[in-house]
Structure formats: structure tokens, C-alpha cells
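# Chains, contacts and geometry: an overview
Chain by chain, the residues run as shown.
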Amino acid sequence: MKNSRNKFLVLFTLISTLTFTNCENSNELPTELSIQQKVALLEGSEWLLKGYEDRVMHTFKDGKQFTYYGSSNVFSETPIPGAFDYTITGNLLTIDLNFGNVKTYEVAFSCNNSIVKFYENGELNSVLYKKGSNYKSCL
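All figures in this text were calculated on a predicted structure; none of them were measured in a lab.

### Quick notes on the layout of surface pockets
Estimates place the volume of the second largest pocket at around 200 Å³. Lining the second largest pocket are 13 residues, with His58, Gln65, Ile95, Tyr105 and Ser126 sitting closest to its centre. Elements represented by at least two residues in the lining of the second largest pocket include exactly strand S2 (56-61) and strand S9 (123-130).

The structure is reproduced here in C-alpha cells:
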């Protein structure tokens, strides 16, 4: 009787271990996002420019990047004139900064998608923080 109980306990432990170690959290985002998913994340939020978090904010919508100026984290409701067009080129984001100044970036998200980094030719170009997020906990 004791031997049967020990076998059952070992079998139960083994099955439980295999079951719980193979579970996936369906709420987690994929490790590598597609460029379309990255653009959707950009378009879904307001973004603060690193080093100017309380004064410069960007939004992305319908192929345009808008810039807002503010003071002490209070931003104008109207963007400054001169939005920049952006497009997806392969797996890269291309932003036309006007007058022949076109930048192509690799876009990388971190910290629960609250920090976005723009890399140009493998070098970090700029960093944006999601407004209203807890991005400071990742710094």
C-alpha cells in the first residue's frame, strides 16, 4: 500500500511539473514584434523625448509624426506646424524630415513597450518614453 502511494505521488509530481513548466502566458506579447506591430504601438500612445520629457512630446498617426511643445509636462493640444511623413520600408521605419533629410530606423521596444529606441545604422539615435507609463522603473 505504501509503495503504491509513493508511486502515485511521484507520478503526480512528474505530471504536475511537466504541465506547469510547459504553460505559456497568452497575455504576453511576442518577443519580436513585426514593424507593423511596432508602428501600431507608436500610433497608440503619446511619446516623450528622452532628456526633454517635460517639454517635447511626439505622436504618430496616419503616416505622420507630430511634435508638441510644453512646459512642466503640460503640452499644447495643437502640434507645431510641419509634421513629418513616415513609412514602413521592409522591417524599418523611414521618416522624411523634409528638405531631403530622410532617416531610416530600426525600432526596438522595451520595458513593457513603454520605451522605444530608434537605431540608425546600428547606432542609437533617439529614445522615447510612453507618456503616463512607469518607464522610470526600467531606467
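Still more to cover.
### Here we look at the pattern of salt bridges
Considering all chains together, one arrives at five salt bridges under this definition. Salt-bridge contacts for Glu32 lead to Lys38; the nearest nitrogen and oxygen are separated by 3.5 Å. By relative accessible area, Glu32 is classed as exposed at 60%. Relative accessible area serves as the criterion here: at 11%, Lys38 is assigned to the buried category. With its nearest N and O atoms 3.2 Å apart, the salt bridge here joins Asp54 to Arg55.

### Regarding the environment of Glu46
Checked against the element boundaries, Glu46 lands in strand S1 (residues 46-49). Assessed through its relative accessible area of 33%, Glu46 is described here as partly exposed. For the pair Glu46 and Met57, spaced 11 residues apart in the sequence, the C-alpha separation amounts to 6.7 Å. Apart from the residues within four sequence positions on either side, Glu46 is in contact with Met57, His58, Thr59, Tyr129, Lys130 and Lys131.

### Structural notes on the state of the cysteines
According to the stated counting rule, one finds one disulfide in the structure shown. A disulfide bridge connects Cys111 with Cys138, and the sulfur atoms are separated by 1.7 Å. Across the disulfide from Cys111 to Cys138, rotation about the S-S bond amounts to roughly 70°, and the bridge is consequently right-handed. With a gap of 27 residues between them, Cys111 in the loop between strand S7 (102-110) and strand S8 (115-120) and Cys138 in the segment after S9 connect regions that are remote in the sequence. In this structure Cys138 comes out as partly exposed when scored by relative accessible area, which is 42%.

### Some details on the nonpolar core
In terms of nonpolar packing, the biggest core is built from 15 residues, with Leu42, Trp47, Phe60, Leu93, Phe109, Val116 and Phe118 touching the most fellow members. Every element with two or more residues in this core is listed here: helix H2 (35-43), strand S6 (92-96), S7 and S8. The residues contacting Leu93, other than those within four sequence positions of it, are Ile35, Val39, Leu42, Tyr86, Thr87, Lys103, Thr104, Tyr105, Val107 and Phe118. Core analysis: the next-biggest nonpolar cluster, separate from the first, contains five residues, Ile115, Val127, Tyr129 and Tyr135 among them.

### Re the side chain of Lys38
Position of Lys38 among the secondary structure elements: in helix H2. A polar contact is formed between the side chain of Lys38 and the backbone oxygen of Val107, at a distance of 2.6 Å. Those residues within four positions of Lys38 in sequence are excluded, and the remaining contacts are Glu32, Leu33, Val107 and Phe109.

### Some details on the environment of Cys138
When the C-alpha positions of Cys138 and Ser110 are compared, they lie 8.7 Å apart, and in sequence the two are 28 residues distant. Look past the residues within four positions of Cys138 in its chain and what remains in contact with it is Cys111 and Ile115.

### Quick word on H2
Every buried residue of H2 is listed here: Ile35, Lys38, Val39 and Leu42. Seen along its axis, H2 keeps its buried residues to an arc of 100°; they face one direction. Where H2 is buried, its residues meet S1, S2, strand S5 (84-89), S6, S7 and S8.

About the cut-offs
- Residues numbered from 1 in each chain as written.
- Predicted model: local features only at pLDDT ≥ 70, side-chain atom pairs only at ≥ 80, totals over all residues.
- Heavy atoms only, no water.
- 1 Å grid on protein atoms, 1.4 Å probe; cavity = no way out; pocket = protein on both sides within 12 Å on 5 of 7 lines; lining within 4 Å.
- Points joined across faces, edges and corners; volume = space filled by probe spheres on them.
- Helix = DSSP H or I, 4+ residues; strand = E, 2+ residues; numbered from the N terminus.
- Salt bridge = Lys/Arg side-chain N within 4 Å of Asp/Glu carboxyl O.
- Buried < 20%, exposed > 50% of the residue type's maximum accessible area, 1.4 Å probe, protein only.
- Contact = heavy atoms within 4.5 Å.
- Disulfide = S-S within 2.5 Å.
- Core = buried A, V, L, I, M, F, W, Y, C linked by side-chain atoms within 4.5 Å.
- Polar contact = N/O pair within 3.5 Å; in protein donor to acceptor, adjacent residues only side chain to side chain.
- Arc of directions from axis to C-beta.

Nothing here speaks to function; it is all geometry.
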